[in-house]
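Working through the structure, step by step
Residues per chain are reported as follows:
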Amino acid sequence: MSGAVIVGIGSRPDPAAEAIVAAVRTVVGNTAIRCLATIDRRAQEPGVVAAAAAFDVPVIGFGADELAHVDVPHPGDRAAVAVGTPSVAEAAALLAWVRWGRRGRLIVPKTAFGTITVAVAEEE
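Quick notes on the rules
- Residues numbered from 1 in each chain as written.
- Predicted model: local features only at pLDDT ≥ 70, side-chain atom pairs only at ≥ 80, totals over all residues.
- Heavy atoms only, no water.
- Helix = DSSP H or I, 4+ residues; strand = E, 2+ residues; numbered from the N terminus.
- Buried < 20%, exposed > 50% of the residue type's maximum accessible area, 1.4 Å probe, protein only.
- Pairing = 2+ DSSP bridges.
- Phe/Tyr/Trp six-rings, centres within 6.5 Å; stacked < 30°, edge-to-face > 60°.
- Lys NZ or Arg CZ within 6 Å of the ring centre and 35° of its normal.
- Arc of directions from axis to C-beta.
- Contact = heavy atoms within 4.5 Å.

Looking at an unreviewed UniProt entry, one finds the protein named Cobalamin biosynthesis protein CbiG, with Nocardia kruczakiae as its source organism.

What follows is the structure, encoded as structure tokens:
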């Protein structure tokens, strides 16, 4: 991974910060992170906020309708039923690049670590 990446996070309600940090570090190692991106209903949960603070990055949240319009390689029925979009981690990672005024490309597809799902996008 070259340059800073954006990490998309999917989870069940009230994820533990330690679980998020461990999952992200497993995937990106010590690569610089620009932000964590997730669905808006998780963006202000204490575990997500604490994980972002541990990485010293902001959290960007997106509505389910925004996420549902992002074309992703691994949409899921489970997420669609649970939160109203077939992708959270992959879609959020890609959509966050748009927020930064750039295009992103997925370099790590959604990868599950227990109840935490991580996807990584870098600038295209």
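Moving on from the coordinates now.
**Things to note about unusual backbone geometry**
With a phi close to 55°, D14 is a non-glycine residue in the positive phi region. Turning to its location among the elements, D14 is positioned in the loop between β1 (5-11) and α1 (17-28). Classification of D14 as exposed rests on a relative accessible area of 59%.

**A few points about the pairing of strand β4 (residues 104-113)**
Where β4 meets strand β5 (residues 116-123), seven bridges bridge the pair, whose relative direction is antiparallel. Paired with R105 across the strands is E122, a residue of β5. Counted between consecutive antiparallel strands, the loop separating β4 from β5 contains two residues, among which G114 sits at a positive phi close to 65°.

**Re the packing of aromatic side chains**
One pass over the full model with this rule turns up zero aromatic pairs. The ring of W100 has R34 lying over it, and the distance from NZ or CZ to the ring centre is 4.8 Å.

**Here we look at helix α3 (residues 46-55)**
When we look at burial in α3, the residues that qualify are G47, V48, A51, A52 and F55. For α3, the angular spread of buried residues about the axis comes to 135°, placing them on one side. Turned more than 90 degrees away from the buried face of α3 sit P46, A53 and A54, all of them exposed. Buried residues along α3 sit in contact with α1, β2 (33-39), α2 (40-43) and β3 (59-62). Phi for D56, located one or two positions after α3, is positive at around 60°.

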